[in-house]
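Topology and contacts: notes
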Amino acid sequence: MNLTDLKNKTPQEITDLLGAKDREMLVERFVSLGLPNKKSEAYRYFDVEKVLDKRYNALTYVPKTLKVSDKIEIVDGIVVAGPQGMRIYNEACQEIDMDHFDPMYYLGHLLCPQTIKIELDGDTEVEIEHRYTQSDVLINYRIVLYNQANRHATVYENFICEDISNTLVLYGYDMHLAQDSTLRVVKMQHMQHNHYTMIASHKVNVAKNAHAMLKSFDFGADKALQLLKVELDEYAHVDAGHLLYLNDDAKRGTVSQIVHVGEHSTSKQEAKNILDGEGTRGIFDALIRVEHSAKYTKAEQNSKAILLHDKAYMAAKPQLEIYIDELEASHGATTGQLDPKQLFYLQSRGISHVEARKMLVIAFANTLIEEVKDTRHQERIKTAFESVFYKAHQ
Amino acid sequence: MSSVMKIENLQAKIGDKQILKGLNLELEAGKVHAIMGPNGAGKSTLSKALVGHYDIEVLDGDITYKGKSIVEMEAEERALEGIFLSFQHPVEIPGVNNAYFLRTALNAKRKHEGKEELNAAEFLRLMKSHLEMLGMKSDMISRSLNEGFSGGEKKRNEILQMLILEPEVIILDEIDSGLDIDALRAVSEGINKMKDGKRTFLVITHYSRILDYIEPDYIHVLKDGKVIKTAGPELVPYLEEHGYDGIEEE
Ligand SMILES: Nc1ncnc2c1ncn2[C@@H]1O[C@H](COP(=O)(O)OP(=O)(O)O)[C@@H](O)[C@H]1O
Ligand SMILES: [Mg+2]
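Keep in mind the model is a prediction, meaning the values are calculated, not measured.

The rules we used
Residues numbered from 1 in each chain as written. Chains lettered and ligands numbered in written order. Predicted model: local features only at pLDDT ≥ 70, side-chain atom pairs only at ≥ 80, totals over all residues. Heavy atoms only, no water. Helix = DSSP H or I, 4+ residues; strand = E, 2+ residues; numbered from the N terminus. Rg over C-alpha atoms; globule rule 2.2 N^0.38 Å. Buried < 20%, exposed > 50% of the residue type's maximum accessible area, 1.4 Å probe, protein only. Contact = heavy atoms within 4.5 Å. Areas by Shrake-Rupley, 256 points an atom, 1.4 Å probe, with all protein chains shown as cover. Salt bridge = Lys/Arg side-chain N within 4 Å of Asp/Glu carboxyl O. Near = heavy atom within 4 Å. Polar contact = N/O pair within 3.5 Å; in protein donor to acceptor, adjacent residues only side chain to side chain. Nonpolar A, V, L, I, M, F, W, Y, C, P; charged D, E, K, R; others polar. Donors = N, O, S within 2.8 Å, 3.2 Å for Na, K, Ca; no water. Patch = residues over 30% accessible without salt bridge, like charges linked within 9 Å, V, L, I, M, F, W, Y side chains within 5 Å. Lys, Arg positive; Asp, Glu negative; His and termini not counted. Charge placed at Lys NZ, Arg CZ, Asp CG, Glu CD. Pairing = 2+ DSSP bridges. Axes fitted to C-alpha atoms, helices over the stretch in contact; angles between N-to-C directions. Buried area = accessible area lost by both parts, 1.4 Å probe. Arc of directions from axis to C-beta.

1. Here we look at the overall build of chain A
Broken down by element type, chain A carries 7 helices and 20 strands. For 394 residues, the compact-globule estimate of 2.2 N^0.38 gives 21 Å, and the C-alpha radius of gyration of chain A, at 21 Å, lies within 12% of that figure. Its C-alpha atoms put chain A at 70 × 50 × 45 Å along the principal axes. Each of the 394 residues in chain A was classed as buried or not, and the buried ones make up 59%. In chain A, the share of contacts with a sequence separation of at least 24, taken over all contacts with a separation of at least 6, comes to 82%. On chain A, roughly 16000 Å² of surface is accessible, and the fraction owed to carbon and sulfur atoms is 46%.

2. Considering the pattern of salt bridges
All names here are of chain A. Applying the stated criterion across every chain, the model contains 32 salt bridges over all chains. K71 is paired through a salt bridge with E129; the nearest N and O atoms lie 2.8 Å apart. Placement of the pair is K71 in the loop between β1 (67–68) and β2 (72–75) and E129 in strand β6 (residues 125–132), with a sequence separation of 58 residues. Take E129: its relative accessible area is 4%, and that puts it in the buried class. Measuring nitrogen to oxygen at the nearest pair gives 3.2 Å for the salt bridge that ties E129 to R131. In the salt-bridge network here, residues are joined through shared partners; they are K71, E129, R131 and E162.

3. Let's talk about the site of ligand 1
Residue and element names in this part refer to chain B. Around ligand 1, the neighbouring residues are I14, K17, I19, P38, N39, G40, A41, G42, K43, S44, T45 and D55. Between K43 and ligand 1, the recorded distance is 2.8 Å, taken from a backbone N or O atom to an oxygen atom. When isolated, ligand 1 has an accessible area of 560 Å², and the protein chains bury 63% of it. Looking at the shell around ligand 1, the elements with two or more residues in it are β2 (17–28) and α1 (43–51). For the shell around ligand 1, a count of residues per class yields 4 nonpolar, 5 polar and 3 charged.

4. As for the coordination of the magnesium ion (ligand 2)
Residue and element names in this part refer to chain B. Within the protein, S44 (OG) and Q88 (OE1) serve as the donor atoms for the magnesium ion (ligand 2), at 2.1 to 2.4 Å. Here Q88 lies in the loop between β6 (83–86) and β7 (93–97) and S44 lies in helix α1, a separation of 44 residues in the sequence. Given the relative accessible area of 23%, S44 is considered partly exposed. Owing to a relative accessible area of 24%, Q88 belongs among the partly exposed residues under this scheme.

5. Remarks on a negative patch on the surface
A surface patch of negative charge is lined by D233(A), E234(A), E263(A), D325(A) and E326(A). Looking at where E234(A) falls in the secondary structure, it is placed in the loop between β13 (223–232) and β14 (237–247).

6. Observations concerning the side chain of D173(B)
Residues and elements named next belong to chain B. Among the secondary structure elements, D173 is positioned in strand β9 (residues 169–173). For D173, which is buried and forms no salt bridge, the nearest opposite charge comes from K43, at a distance of 6.8 Å. Discounting residues that sit within four places of it in the chain, D173 has contacts with S44, S47, L85, S86, F87, Q88, K155 and I204.

7. Points about the sheet that holds strand β19 (residues 313–322) of chain A
Residues and elements named next belong to chain A. One open sheet accounts for 9 strands, arranged β4-β5-β7-β9-β11-β13-β15-β17-β19; its pairing is mixed. Both edges of this open sheet fall to β4 (87–91) and β19, since each of them pairs with a single strand only. Sheet twist, expressed as the mean angle between neighbouring strand axes with direction ignored, is 10 degrees. The sheet contact formed by strand β7 (residues 138–147) and strand β9 (residues 167–177) spans 10 bridges and is parallel. Looking across to β9, one finds that N147 is bridged to L177.

8. Description of the interface of chain B and chain A
Chain B puts 29 residues into the contact, and the matching count from chain A is 19 residues. For the pair chain B and chain A, the two sides together bury roughly 1900 Å², of which 68% comes from carbon and sulfur. On the chain B side of the interface with chain A, the three residues burying the most area are Y54(B), E76(B) and V91(B), jointly 28% of the side's total. The partner of E158(B) in a salt bridge is R349(A), and the shortest N-O contact between them spans 2.7 Å. On the surface where chain B and chain A come into contact, there are 11 residue pairs in polar contact (both at pLDDT 80 or more). Every element with two or more residues in the side of chain B that touches chain A is listed here: α2 (75–80), β6, β7, α3 (98–112) and α5 (151–165) of chain B. Among the elements that make up the side of chain B that touches chain A, the one with the highest residue count is α3(B) (5 residues). The residue makeup of the side of chain B that touches chain A, split by class, is 19 nonpolar, 7 polar and 3 charged.

9. Considering helix α7 (residues 235–242) of chain B
A turn of α-helix holds 3.6 residues, and therefore any two residues three or four places apart point the same way. All names here are of chain B. Taken together, the buried positions of α7 are occupied by L235, V236 and L239. Viewed end-on, α7 has its buried residues packed into an arc of 100 degrees, placing them on one side of the element. Those residues of α7 that are exposed and angled more than 90 degrees off the buried face are P237, E240 and E241. Residues of α7 that are buried make contact with β3 (32–36), β11 (218–223) and β12 (226–231).

10. Some remarks on the pairing of strand β18 (residues 297–307) of chain A
Remember that side chains alternate between the two faces of the sheet whenever the strand is regular. Residue and element names in this part refer to chain A. Looking at chain direction, strand β16 (residues 266–276) and β18 are connected through 10 bridges and run parallel. Opposite I274, over in β18, you have I306 as the bridge partner. In terms of strand pairing, β18 meets strand β20 (residues 327–336) through 10 bridges, oriented parallel. From the neighbouring strand, I306 faces β20, where its bridge partner is G336.

11. Some remarks on the environment of G225(B)
In this structure, G225(B) sits in the loop between β11 and β12. If sequence neighbours within four positions are ignored, G225(B) has contacts with I19(B), L20(B), K21(B), G22(B), L23(B) and A41(B).

12. Observations concerning the sheet that holds strand β12 (residues 211–220) of chain A
Residues and elements named next belong to chain A. With mixed pairing, 11 strands are arranged side by side in an open sheet as β1-β3-β2-β6-β8-β10-β12-β14-β16-β18-β20. Each end of this open sheet is capped by a strand with a single partner; those strands are β1 and β20. Against the sheet, helix α7 (residues 375–392) makes contact with β6, β8 (152–161), β10 (182–191), β12, β14 and β16, and its axis sits at roughly 20 degrees relative to β10, the strand it touches most.

As structure tokens, then:
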């Protein structure tokens, strides 16, 4: 099947094509949002038609018995290993958001009747490794992540791919943070040219008094879009940070909706974008919506971009949609270049142009990198960034 | 005399405005040259031209360093070859750690000279020894480069860089401006420590106070984009009394 076959179809036709009996609600949501095209706001700078028009081979998903490993390993969408004692299993998703803005969220669910369910029960730190090994395929999988009440967990997400090309990855989380829990998710993705394209569509539910910290570090070439919807209950908090370094003709970024539903909920979202290539397009299309019910909300949103190439383009669109008066909200977006005075100062001490640029770019990115408190992971992120940066400037 | 740097008929502009108008100056190796002149004369412009600042466009003339023209040389190359400018207004760089910056600069220079690079521990030892002498607090190691530094701290940090990089031609642009007496002493001590009879100093000032601490061998008066007079240190008291107005081009 081609994904473009899903264009302009009736719910019945979609149901037949996808074999999605008993999932009428999902089909209906997907049909009403429609397969993304170049006019879809969220996908405008992403060249989505080119991605969806390609023919990908389908994979068959055969669940595996888990091996014991110190990390959760997911290979081509199938979970193959996990830490001893951690509850990881395949199950149909129970709670699907019926008001998500992204059609690919619904398509993802329609294509994956079984999801990988991970229960974080305890104050844990776990690494999830996504590995892609096949060319010319559509890899689609979804993960349901439960963080139990009162628990404080950290998830490090990493992406590894073999020497593949022309693969499309559709994946995403449904995350549930129970009351009073804390979940930190640190995602690092480092893509090289032409390996795979990724569309990641997430939903994060943050229950009363729970805290979600979602940090993404995206470096390199290629195309990847993360679409993120976060819903905040009363006294819930989300702290989202997105660091983007693009080279070649990478088209990447974040489209998000943070929805304040409960009173006294707070959100902070910070995007830092470094665009280092003629064809690069950075995306930060972020809406904060404050519902009638969400009095005394605090919302803060900010995007900063540095263009290292004069043809690079940053599509930054921070937006507020507010239905009440009792709140504190701020948002802004800036785009600029590296400061020539600072560059010169470094060079006047014998530091090369490339090195001076790297130092300033890292300095710009540092506020986000240093929020990763674990020094080993912090170093890993810096090293990954440096390797991509030097590769682009050798 | 053995000259280390020679500036001949230097004409340079910033934006649309010509600032240096045929400037001639020869620096004798191992000596302390003071450049004095009124505000706006072009002193900082000269110092920037010597280190290859992007603001300055050289229209005519030449700058030679150790017999080679450096007008076309990149700023980092001039630094690696041993030219150092202590800026009148050092720029703040949030997010770049001071020690990391200095070690990167030193190791770039050592690499250029074919020497082994210093590791973090070796470098820290070196940096600490200088901090003490300059009366700088040890948090200068972990702070961001010049960020939130007071005027005095910034100038001490420039001198710290000079001590660590050990350049051959040292240009000090208004190093004494905004310094209290303790800072002035510390900074002068740092500068005097670098005097070894081989290093050459170009001390730029519009105010003679610094020259009580760093003894000059030559005084050059810069006015309206040219050096109009060169004399010995005996010119200082005369300038203090009469100002620059009475000086005629020689
Ligand atoms: N960036 C600049 N753009 C335009 N004019 C400048 C700039 N920097 C300096 N100038 C002008 O050049 C002249 C010389 O300045 P400067 O070299 O700083 O003088 P000094 O250091 O002797 O006080 C002044 O008239 C000043 O206004
Ligand atoms: Mg000046």
